[in-house]
Structure formats: structure tokens, C-alpha cells
Amino acid sequence: MENIGYSDENFTKTSEVHLLPFKIQYTGEAHVKSFFSSSITLKNVDDQKNEIVENSFRGRPLNGLNINLDKNQNGFIVKDNENKNHELVSVFKNVYSWHLDEPNVTSDKDLFIKTKNEWFSISKIIHSD
């Protein structure tokens, strides 16, 4: 297993992560902040302190959650370099999980939250003494 060195003080590049409920046939950087993030509207905050947000993509309404990772969790975006090693590109502390045609999005219905919680529960068990 390969370790990726990371320190909050030494690495400052952050990214905004959006999980969209459809496939976009494009690979590469996109101007998310200027064309997508700038039109996000805050609707409410749920009981788990996740922001309930809305937006649209190509005219289709999207409803979603801005899900904060726990304070001791970081998300990493990595890429393979020419030496077949992983290179840290950026970090993130929250994820936008979008839903198409689902106006009443809640934390208990969101698949990303469920998967994240299960993954970290299993991880704690595996890595405990």
C-alpha cells in the first residue's frame, strides 16, 4: 500500500466536489465555480447541519445537499503520474451530492451520506487494535 504525504499546513490547494446524478462525457478541468457553483441557492439546513441547496444543469432542476466531512476527515483528489505513483492534486472538506427531480432531499435518503458513514464505520473496525 502506498502512502501519500499530506499536511494541512503544507498543502493549500482545495477543490469543490460535486456528485451529479448523470454522466457527462468529458474528462478534464471545468470552470465549475463560474458556471455552476455561482448559481447554487441555499434553501435550508437539515438536522445534521447539511445545507439543502438547489441549482440547475442545462435547464434541469437539481436539489442536493452540501455535506461536510467530519473534522478529522479529508477528501483527496489524486492522479497517477508517469512513475505509476499517486500524486496529490487537491483536498476537499465537503461534497455536493445532487439529485435530479427529487425536490425533498434529506440526509437520511442520500446515498453518499449512507455510503460514507458505512465506509468509515468499517474502516474504524478494520484499523482498530
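Up top you'll find the structure we're talking about.
Quick look at the structure, then. Counting of residues starts from 1 at the beginning of each chain's written sequence and follows it residue by residue. In keeping with the model being predicted, local features are shown solely for residues with a pLDDT of at least 70 and side-chain atom pairs are shown and tallied solely at 80 or more, while totals for entire chains, interfaces and linings include all residues. Neither water nor hydrogens contribute to the side-chain values; these are computed over all heavy atoms in the structure.

1. Quick word on the pairing of strand S3 (residues 51–57)
Then comes step 1: Pairing analysis gives 4 bridges linking strand S2 (residues 41–45) to S3, with the strands arranged antiparallel. Bridge pairing links Leu-42 to Val-53 in S3.
Then comes step 2: Here a strand pair is declared whenever DSSP counts at least two bridges between the two strands. Secondary structure elements follow DSSP: runs of H or I of four or more residues count as helices, runs of E of two or more count as strands, with numbering from the N terminus. Between the end of S2 and the start of S3, which pair antiparallel, lie 5 residues, with Lys-49 showing a positive phi angle near 65°.
Then comes step 3: The sheet contact formed by S3 and strand S4 (residues 60–68) spans 7 bridges and is antiparallel. In the sheet register, Asn-55 faces S4, and the bridge partner there is Leu-62.
Then comes step 4: Where S3 folds back on S4, the antiparallel hairpin that results is connected by 2 residues, among which Arg-58 adopts a positive phi of roughly 50°.

2. Comments concerning helix H2 (residues 111–127)
Then comes step 1: Over its 17 residues, H2 extends 24 Å from the first C-alpha to the last, a length consistent with the 24 Å expected when each residue adds 1.5 Å.
Then comes step 2: Where H2 begins, one side-chain oxygen reaches toward the backbone nitrogen of Phe-112, 3.1 Å away; that side chain belongs to Asp-110. A helix is expected to span 1.5 Å for every residue after the first. Pairs of N or O atoms within 3.5 Å make up the polar contacts considered here, provided that, within protein, one atom can donate a hydrogen while the other can accept it, and that residues adjacent in sequence are counted only when both atoms are side-chain atoms.

3. Describing unusual backbone geometry
Then comes step 1: With phi around 50°, Arg-58 is a residue other than glycine that occupies positive phi space.
Then comes step 2: Inspection of the secondary structure assignment puts Arg-58 in the loop between S3 and S4.
Then comes step 3: Burial status follows relative accessibility: with a 1.4 Å probe on protein chains alone, a residue under 20% of its type maximum counts as buried, one over 50% as exposed, and anything between as partly exposed. Arg-58 sits in the exposed class, given a relative accessible area of 75%.
Then comes step 4: Of note, the phi angle at Asp-101 is positive, near 55°, even though the residue is not glycine.
Then comes step 5: As for its position among the elements, Asp-101 is in the loop between strand S7 (94–100) and H2.

4. Quick notes on the sheet that holds S4
Then comes step 1: Taken together, 5 strands build an open sheet; the order of strands is S1-S7-S4-S3-S2 and the sheet is mixed. Strands at the two margins of the open sheet, each flanked by one partner only, are strand S1 (17–19) and S2. On average, adjacent strands in this sheet sit at an angle of 30° to one another, irrespective of strand direction.
Then comes step 2: When checking whether two residues touch, look at their non-hydrogen atoms; a contact exists if any pair is within 4.5 Å. Simply put, an axis is a line fit to the C-alpha atoms, just over the touching stretch for a helix, and the angle between two N-to-C directions goes from 0 to 180 degrees. Sitting on the sheet, H2 touches S1, S4 and S7, and the angle it makes with S4 is about 25°.

5. Observations regarding the environment of Ser-121
Then comes step 1: Tracing the backbone through its elements, the reader meets Ser-121 in helix H2.
Then comes step 2: Taking relative accessible area as the criterion, Ser-121 reaches 41% and is therefore assigned partly exposed.
Then comes step 3: From its side chain, Ser-121 meets the backbone oxygen of Asn-117 in a polar contact 2.9 Å long.

6. Observations concerning the side chain of His-99
Then comes step 1: With respect to the element layout, His-99 can be found in strand S7.
Then comes step 2: A distance of 2.6 Å separates the side chain of His-99 from the side chain of Asp-110, its partner in a polar contact.

7. Regarding the packing of aromatic side chains
Then comes step 1: Two aromatic rings, drawn from Phe, Tyr or Trp (for Trp, its six-membered ring), form a pair once their centres lie within 6.5 Å of each other, and the interplanar angle then sorts them: stacked below 30 degrees, edge-to-face above 60, tilted otherwise. In this structure the tally under the stated criterion is 4 aromatic pairs.
Then comes step 2: Between Phe-36 and Phe-57, the aromatic rings sit 6.3 Å apart at their centres with planes inclined by 70°, giving edge-to-face as the arrangement. A residue pair is termed long-range when its members are at least 10 positions apart, and Phe-36 in the loop between helix H1 (32–35) and S2 and Phe-57 in strand S3 qualify at 21 residues.
Then comes step 3: Taking relative accessible area as the criterion, Phe-36 reaches 8% and is therefore assigned buried.
Then comes step 4: Put simply, the rings of Phe-22, Phe-36, Phe-57, Tyr-96 and Trp-98 touch in pairs and so form one group of aromatic residues.

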